[in-house]
4 protein chains.
Amino acid sequence: MDGPQRIAFIGLGIMGAPMAANLLKAGYQVAVYNRSPGAAERLAALGARPATGVADAVRGADVVITVLPDTPDVEAVFEEILAAGAPGLLHADMSTIDPGASRAMAARAAEDGLRALDAPVSGGEQGAIEGALSIMVGGEAADVAYARPVLEAMGSTVVHVGPSGSGQTVKAANQLLVAGIIELVAEAIVLVEASGVDPEPAVRVLAGGLAGNRILDRKAAGMLARDFTPGFRVDLHHKDLGIVLAAARAAGVTIPLGALAAQLMGALRAQGHGGSDHTALLGQVDRLSGRGRGTS
Amino acid sequence: MDGPQRIAFIGLGIMGAPMAANLLKAGYQVAVYNRSPGAAERLAALGARPATGVADAVRGADVVITVLPDTPDVEAVFEEILAAGAPGLLHADMSTIDPGASRAMAARAAEDGLRALDAPVSGGEQGAIEGALSIMVGGEAADVAYARPVLEAMGSTVVHVGPSGSGQTVKAANQLLVAGIIELVAEAIVLVEASGVDPEPAVRVLAGGLAGNRILDRKAAGMLARDFTPGFRVDLHHKDLGIVLAAARAAGVTIPLGALAAQLMGALRAQGHGGSDHTALLGQVDRLSGRGRGTS
Amino acid sequence: MDGPQRIAFIGLGIMGAPMAANLLKAGYQVAVYNRSPGAAERLAALGARPATGVADAVRGADVVITVLPDTPDVEAVFEEILAAGAPGLLHADMSTIDPGASRAMAARAAEDGLRALDAPVSGGEQGAIEGALSIMVGGEAADVAYARPVLEAMGSTVVHVGPSGSGQTVKAANQLLVAGIIELVAEAIVLVEASGVDPEPAVRVLAGGLAGNRILDRKAAGMLARDFTPGFRVDLHHKDLGIVLAAARAAGVTIPLGALAAQLMGALRAQGHGGSDHTALLGQVDRLSGRGRGTS
Amino acid sequence: MDGPQRIAFIGLGIMGAPMAANLLKAGYQVAVYNRSPGAAERLAALGARPATGVADAVRGADVVITVLPDTPDVEAVFEEILAAGAPGLLHADMSTIDPGASRAMAARAAEDGLRALDAPVSGGEQGAIEGALSIMVGGEAADVAYARPVLEAMGSTVVHVGPSGSGQTVKAANQLLVAGIIELVAEAIVLVEASGVDPEPAVRVLAGGLAGNRILDRKAAGMLARDFTPGFRVDLHHKDLGIVLAAARAAGVTIPLGALAAQLMGALRAQGHGGSDHTALLGQVDRLSGRGRGTS
């Protein structure tokens, strides 16, 4: 069989750990590495090989996957992959980073005889655990075909959206949409509540019409209860909106609602809500509207 | 049988005409009136009684329905209903108007022994034709129960959201959400396209994740083709956003994204796109971003 | 002499009382009326005739001046002026109201043989006391010429800007500019402070360059001290921004920064800062930025 | 005498050339260098020594001044200054760049025994020609004192605002204010015009009240004429607003109006108006409002 069998998995956080576990469940040989060791030990109990570092993890690997917080983290690990990886190794970066950085790494990988995909994900911790992530993939068609079985072990929707960097561009569009829709849902809910209307039937009827969206479906109950337990943290979404703004600037695209949503997400973070779920935007609309339930 | 049987239907525009037709299909006796007579004649061919005016239409009616463009239109017809209506007549206003005006009319109706519901709809021309509208109803529970079979002949989701005016408040929240989501989808699509990424797979993968929403599902294909044939016109959505802003102001609610979306919708209208579909917001993001495809 | 000599002055609040006092100082005969009587008594001590109502005040007057909080207040008093005023009486409304309402009152005044000017002011309590207001006047040139000496007793800059309603339009533009500049100065000051830079020399050098403006000149010291004693109250500026938005909507003008400033002013009010000076926008930028000095 | 006498001047664009000329007029020995040679020749005619490169220019210099377009330009020249400069050489960077980059260069300069100031300017080409710039200086007090006579040969307001990077922080605040005020003035002017009011008296009376600002004083005449000849180019202001947003992000400050102004400036650039004066924001409000005069 020609498909990939040995996977190196770098980055075992809230998303990475269950994604690696799904690869083990699908029968892949997985070497795991994380800066702090606890997660690697838990995956070892499921059959993973705990590696001593990036170089050790990629030894003999067909595919190396990275799931890391930010662009510089990925760039640092990428240098180690370049140094240690055998020709033909495919690097699938599933972090959310700057599209330009993805393109640059792919170009350098090609010079060294390696292959690279950007394959960021949407769907949150629940999607990672259930293997039901949406994965937006940028890179060469042949490389996507090669990696597809691996990606499908982690996600239910795997779409090749274009050349290197395209996956990250679409992820940026995703983060713009999600932040903006959360803020709009927050404004709509507070408008309904402050007008003296019970928000529960309101949310039900809104979800059934043209305004319907997945934030209303999945997050409105928590929002109505002002339960902002993450989920996806304000800090990370704020970081992603920095990528969105830079991508829009690079492409010459005007995103007034996106830019304003980024300011409001930044305000949450500055006020110490960086560790709350991004739906904490609702608490901020509460506070701006002088309503008392806005504490997370 | 105690339920309503004779309906007066005032306002036979793009929405009203197919709604009245669905009442006829459901077996109700329907008297119709419209300022310009063509639509009434077409409904007469389906079995409606063409009335000579509001007073004539409501003669003997159990329920009078209004589907009119704006608050002053409804207020003017309401005066005629008050003058001509028999005690117990139920007025269901299915227009989109100011919640405060709905409350005021309901109070006056009660003084005169009439009953009133505000029952605005979401779902567009297609929903009106298919009898699949979402209907958000404000008023007394007993009156909602009385009118429910009539409303269910026009809509698939009929939710009693609270006392008089509540239906309009939830409709305002709906219009805020729809305008904002269209603008966000427009910003996301132009970001993807201007970054050199094919938007079709991008839209597909976005629709599958947390960013998923009904605008992406129903409107993205038309948006990608820059086909802004209405559908729901910019002029009407702009009018509705005026109601949204007034409702937010009255309730003391801060809606920064909603206010900005209202400005952008108003800009479309000022530029002569008032007759285009509200998804023409995409053409405006195109123009602001210096891209050539933005003509409707 | 043909010029006006007898003035009726309706509305003796923070602005109206010192304006009436300046008319007395200039030698005019002034009849004063205010709903609550204290201010009229104080002006009587300066030589004014306390009137028992609007009709009594305008008896024998050449000019009647109104300085009232909002459009409906002016419209109510205007009805009394129409009923009681002799032909030729000139009504100068110096309140800040909707330009369309001004135009409508001027048209009705003309039908009844009265004359009307809209003559709103800028310059605050200090300008009112010093007789140094900026007065933007809309109406017929002959009427402006007739009233000019009266207006110049209250203001140092009296400019005829156009036909009826024009004064209010320019006042709306003024209120848009002032709110927006205060918010921008607030953002700039917090940016400087949060970056660890002493804001006092910063404000000095900013005031000397292209960014220089009267808010920096007159208000920055109070802002740096977080002293939000009014001055001009958030409540009133919020009311005025409602007029601005309605005027922009009526004229088809897109004002994104104005609309966002209006939301931020409304947020201040909703949070209970309606009685603070409008520079309390700085406290809100503090709070949104997680900084501790934002309490007024 | 202990003060600086020999100056190296790198960057002879629209601002740099007249600034260097003023140093010559004040009696300093000035070595000049510019990537393209024409400007250096013109300054040679005024007594400057044309240098063959950065290293040649700084040979024997007491102070080296840089006036360059963007952060990377300054960083590249700074490396050459570090390599060629004698101990004690003071580098005054008068470009507008990222405050963090200024701080980093100052730290490296100190390690190598050099001194560094950030000293960006406000006042435009006219201020540069007249020696009337506002100069906001960050760095050590002793270094500011040493360089002050040199700076005062170019500017009428020289304020030491704090440690390294502070000058750039205050310049960022300046650029935020200027962009925002231009947009607000544009919104106010179009509101007045579209309401049928003559903008010339309106601008006059606005300039006299609390809304008064230097954009109204210096730029309104050109704006009313839709003359967008630079002046300060949209491209450069857009670059500067990128610095503003990054500085605000780094400091955790929420700047909603600033962020929206940045989007609007970016839209101008994307539409091909990058070479117009930044007051071309008025043309954009015209276009968004469907008015015909908005072409530059």
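Conventions we followed
Residues numbered from 1 in each chain as written. Chains lettered and ligands numbered in written order. Predicted model: local features only at pLDDT ≥ 70, side-chain atom pairs only at ≥ 80, totals over all residues. Heavy atoms only, no water. UniProt positions renumbered as here; feature names shortened; annotations may be inferred. Contact = heavy atoms within 4.5 Å. Buried area = accessible area lost by both parts, 1.4 Å probe. Polar contact = N/O pair within 3.5 Å; in protein donor to acceptor, adjacent residues only side chain to side chain. Helix = DSSP H or I, 4+ residues; strand = E, 2+ residues; numbered from the N terminus. Domains from an automatic or database assignment. Salt bridge = Lys/Arg side-chain N within 4 Å of Asp/Glu carboxyl O. Nonpolar A, V, L, I, M, F, W, Y, C, P; charged D, E, K, R; others polar. Least-squares fit on C-alpha atoms with pLDDT ≥ 70 in both. Pairing = 2+ DSSP bridges. Right-handed = clockwise from strand over helix to strand, strands pointing away. Buried < 20%, exposed > 50% of the residue type's maximum accessible area, 1.4 Å probe, protein only. Core = buried A, V, L, I, M, F, W, Y, C linked by side-chain atoms within 4.5 Å. Expected span 1.5 Å × (residues − 1). pLDDT = per-residue confidence, 0-100.

The name an unreviewed UniProt entry assigns to chain A is 2-hydroxy-3-oxopropionate reductase, from the organism Spirilliplanes yamanashiensis. Reading the Sequence similarities (unreviewed entry) entry of the UniProt record for chain A gives the comment "Belongs to the HIBADH-related family."

Which residues make up the interface of chain C and chain D, and what are the values?
With 65 residues of chain C at the interface, the matching set in chain D holds 65 residues. In total, about 5,400 Å² of surface goes out of reach between chain C and chain D, with carbon and sulfur atoms giving 74% of it. Among the residues chain C hides against chain D, the three largest losses belong to Leu191, Leu210 and Leu257 of chain C. Together they make up 14% of the total. If you look at where chain C meets chain D, you find 16 residue pairs in polar contact (both at pLDDT 80 or more). Ranked by residues supplied to the side of chain C that touches chain D, first place goes to helix α8 (residues 166-194) of chain C with 19 residues.

An account of the domain arrangement of chain A is requested, with residue identities and associated values reported.
All names here are of chain A. Each assigned domain of chain A is listed here: domain 1 (6-163) and domain 2 (169-288). A straight line from the C-alpha centre of domain 1 to that of domain 2 covers 28 Å. Each partner contributes to the interface: domain 1 provides 11 residues, whereas domain 2 provides 10 residues. Of all residues in domain 1, Thr96, Pro99 and Met136 give up the largest surface area on contact with domain 2, accounting jointly for 43% of the area buried on that side. At the junction of domain 1 and domain 2, the tally comes to 0 salt bridges. Across the contact surface, domain 1 and domain 2 share 5 residue pairs in polar contact (both at pLDDT 80 or more). Its residues placed into classes, the side of domain 1 that touches domain 2 shows 7 nonpolar, 2 polar and 2 charged.

With reference to specific residues and values, describe the relation of the copies chain C and chain D.
Each copy of the sequence occupies a distinct position, and chain C is placed on chain D by a rotation of 180 degrees and an axial shift of 0.0 Å, giving an RMSD of 0.0 Å. When the rotation and shift are considered jointly, the pair of chain copies conforms to a two-fold rotation axis. Of the C-alpha atoms belonging to chain C, the one lying closest to the rotation axis is found on Asn213 of chain C, 1.9 Å away. Interface overlap between copies: 100% of the residues of chain C at the interface are likewise at the interface in chain D, consistent with a symmetric, same-surface contact.

Tell me about the interface of chain D and chain B, and name the residues and values.
With 9 residues of chain D at the contact, the number on the chain B side is 9 residues. When the area that chain D buries against chain B is broken down by residue, the three leading residues are Ala270, Gln271 and Leu288 of chain D, summing to 58%. Applying the counting rule to chain D against chain B returns 0 salt bridges. At the boundary of chain D with chain B, the tally comes to 2 residue pairs in polar contact (both at pLDDT 80 or more). Sorting the residues of the side of chain D that touches chain B by element identifies α12 (256-273) and α13 (281-288) of chain D as the ones contributing at least two each. A total of 4 residues in the side of chain D that touches chain B trace back to one element, the largest contributor, which is α12 of chain D.

Provide a residue-level description of the relation of the copies chain D and chain B, including the pertinent values.
For these two chains of identical sequence, chain D goes onto chain B by a turn of 180 degrees and a shift of 0.0 Å along the axis, with RMSD 0.0 Å. A share of 100% of interface residues in chain D that are also interface residues in chain B marks the association as one of identical surfaces.

Give me the lowdown on the pairing of strand β6 (residues 115-118) of chain A, citing residues and values where you can.
Residue and element names in this part refer to chain A. Note that strand β5 (residues 90-93) and β6 share 4 bridges and pair parallel. Of the residues in β6, the one forming a bridge with Ala92 is Leu117. A crossover connection joins β5 to the parallel β6 through helix α5 (residues 99-111); in handedness this β-α-β unit is right-handed.

Tell me about the side chain of Asp62 of chain C, and name the residues and values.
All names here are of chain C. Within the element layout of this structure, Asp62 appears in the loop between α3 (54-58) and β4 (63-66). The exposure class of Asp62 is buried, given its relative accessible area of 15%. Look past the residues within four positions of Asp62 in its chain and what remains in contact with it is Pro4, Gln5, Arg6, Gly88, Leu89, Leu90 and Tyr146.

How would you sum up unusual backbone geometry? Please name residues and give values.
Omega for the bond connecting Pro230 of chain B with Gly231 of chain B falls within 30 degrees of zero, at 0 degrees, which places this linkage in the cis form. Within the fold, Gly231 of chain B resides in the loop between α10 (214-224) and α11 (234-251). The backbone of Arg226 of chain A shows a phi angle near 55 degrees, a positive value even though the residue is not glycine. For Arg226 of chain A, a relative accessible area of 8% translates into the label buried.

Requested: an account of the nonpolar core, with residues and values cited.
The tendency in soluble globular proteins is for nonpolar side chains to be buried as a group. Core analysis: the largest hydrophobic core is formed by 208 residues, its most contacted members being Val170 and Leu177 of chain A, Leu177 of chain B, Val170 and Leu177 of chain C together with Leu177 of chain D. Excluding anything up to four places from it in sequence, Leu177 of chain B contacts Leu184, Val185, Ala188, Leu206, Ala211 and Leu216 of chain A.

Outline α11 of chain B, listing residues and values.
Here α11 of chain B spans 25 Å end to end across 18 residues, near enough to the 26 Å set by a 1.5 Å rise per residue. Val234, His237, His238, Lys239, Asp240, Leu241, Ile243, Val244, Ala247 and Ala248 of chain B are the residues of α11 of chain B that are buried. In this structure, the buried residues of α11 of chain B make contact with α8 (166-194) of chain A, α5 (99-111), α8 (166-194) and α12 (256-273) of chain B together with α11 (234-251) of chain C. Positioned one or two residues after α11 of chain B, Gly252 of chain B has a phi angle of 70 degrees, which is positive.

Tell me about the confidence of the model for chain A, residues and numbers included.
A residue-level look at chain A finds 98% of positions with pLDDT of 70 or above and a mean pLDDT of 95. Model confidence for the complex is summarised by a pTM of 0.95, with the ipTM given as 0.94.

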